[in-house]
Amino acid sequence: MTTPYILVLYHSRHGSVEQLALQIRKGIESTGLEAKVRSCEQAERQSDSMYPQVTIEDLKNCAGLAMGSPCHFGMMASPLKAFWESTSTQWLSGDLIGKPAVVFSSSSSLHGGNESTLLSMSLPLLHHGMMLLGIPYSEPELHTTTSGGTPYGATHVAGLNNDHDLTPHEKNLAFALGKRLAQTVQLLNR
Ligand SMILES: Cc1cc2nc3c(=O)[nH]c(=O)nc-3n(C[C@H](O)[C@H](O)[C@H](O)COP(=O)(O)O)c2cc1C
């Protein structure tokens, strides 16, 4: 019997999504649960990530999932889409049914498509029978953020050159999302 873990799966070309992934990881770990951070790169591309490439086994055995992508023309980046297109076996066996999941995203501009990117990432998770969680408005910063942070998931607005750090609001909302995911996993596995 292995210890339950939450898979934090992301693609990041320039590091912005990775920053969000690390806040989500902190939120997960604040509950005592393990976060397994894995990147998702194109097969032919050398990864710059400090984290290993995700495997199907990582996905199959997780107790919950946080998935992050840059906004690429308003939707998830192609390496993540290609990864999901390799999961038909897990879909057929129902490996992910009933497991909780959250999504996160970074765009360069404020209205550049973060929310549609989150929704595009939600679709394969729903097809797999996962239970999607967002950020509730009881998180006060959701009312006051002037950059990222949405009820559909954590977001960051990185600027034209990807040179904006996460704002305190973006950080806290990503942390809260990771914590909520982990607490839900703990409730379901009690
Ligand atoms: C192919 C491509 C398409 C993009 N499309 C959008 C877009 O539709 N809207 C937007 O605001 N930013 C867009 N961007 C910018 C990225 O979403 C933004 O730089 C993001 O913060 C990158 O995250 P990363 O640093 O984790 O790679 C695009 C970037 C690329 C490379």
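Residues numbered from 1 in each chain as written. Predicted model: local features only at pLDDT ≥ 70, side-chain atom pairs only at ≥ 80, totals over all residues.

- Under an unreviewed UniProt entry, the name given to the protein is NAD(P)H-dependent oxidoreductase, and the organism recorded is Psychrosphaera ytuae.
- Looking at the Sequence similarities (unreviewed entry) heading of the UniProt record, one finds this comment for the protein: "Belongs to the WrbA family." (UniProt positions renumbered as here; feature names shortened; annotations may be inferred.)

**Regarding the pairing of strand 2 (residues 34-39)**
Alright, step 1. Across the two faces of strand 2 the burial differs, with A35, V37 and S39 buried and E34, K36 and R38 not buried at all.
Alright, step 2. In terms of strand pairing, strand 1 (residues 5-10) meets strand 2 through six bridges, oriented parallel. Across the sheet, the residue bridging to V8 is V37, located in strand 2. (Buried ≥ 20, exposed ≤ 12 C-beta atoms within 10 Å, placed from the backbone. Helix = DSSP H or I, 4+ residues; strand = E, 2+ residues; numbered from the N terminus. Pairing = 2+ DSSP bridges.)

**Some remarks on helix 1 (residues 16-29)**
Alright, step 1. Relative to the 20 Å expected for 14 residues at 1.5 Å per residue, helix 1 spans 20 Å between its end C-alpha atoms, a close match to the ideal helical length.
Alright, step 2. By the criterion of burial, helix 1 is predominantly enclosed, with 11 of the 14 residues buried.
Alright, step 3. The complete set of buried residues in helix 1 reads S16, V17, E18, Q19, L20, A21, Q23, I24, R25, G27 and I28.
Alright, step 4. Buried residues in helix 1 make contact with strand 1, strand 2, strand 3 (64-70), strand 4 (100-107), strand 6 (154-157) and helix 7 (168-188). (Expected span 1.5 Å × (residues − 1). Contact = placed C-beta atoms within 7 Å.)

**What to know about the environment of S88**
Alright, step 1. Within the secondary structure, S88 is located in helix 4 (residues 88-93).
Alright, step 2. Each C-alpha atom, one on S88 and one on L132, is 20 Å from the other, the two residues being 44 residues apart in sequence.

**Considerations on the nonpolar core**
Alright, step 1. Among the nonpolar cores identified, the biggest contains 47 residues, and I6, V8, I24, L65, A66, F104 and L177 are the most heavily contacted of them.
Alright, step 2. Of all elements in the fold, only strand 1, helix 1, strand 2, strand 3, helix 3 (78-84), strand 4, helix 5 (114-127) and helix 7 reach the threshold of two or more residues within this core.
Alright, step 3. Counting residues per element, this core draws most heavily on helix 7, at eight residues.
Alright, step 4. Leave out the neighbours within four places in its chain, and I24 touches V8, A66, F104, A154, A174, L177 and G178. (Core = buried A, V, L, I, M, F, W, Y, C linked by C-beta atoms within 7 Å.)

**Some thoughts on unusual backbone geometry**
Alright, step 1. Phi is positive for F73, which is not a glycine, with a value near 50°.
Alright, step 2. Structurally, F73 is set in the loop between strand 3 and helix 3.
Alright, step 3. For N162, which is not glycine, the phi torsion reads 55° and is therefore positive.
Alright, step 4. Of note, N162 is situated in the loop between strand 6 and helix 7.
Alright, step 5. Using a count of 15 C-beta atoms within 10 Å as the deciding quantity, one classes N162 as partly exposed.

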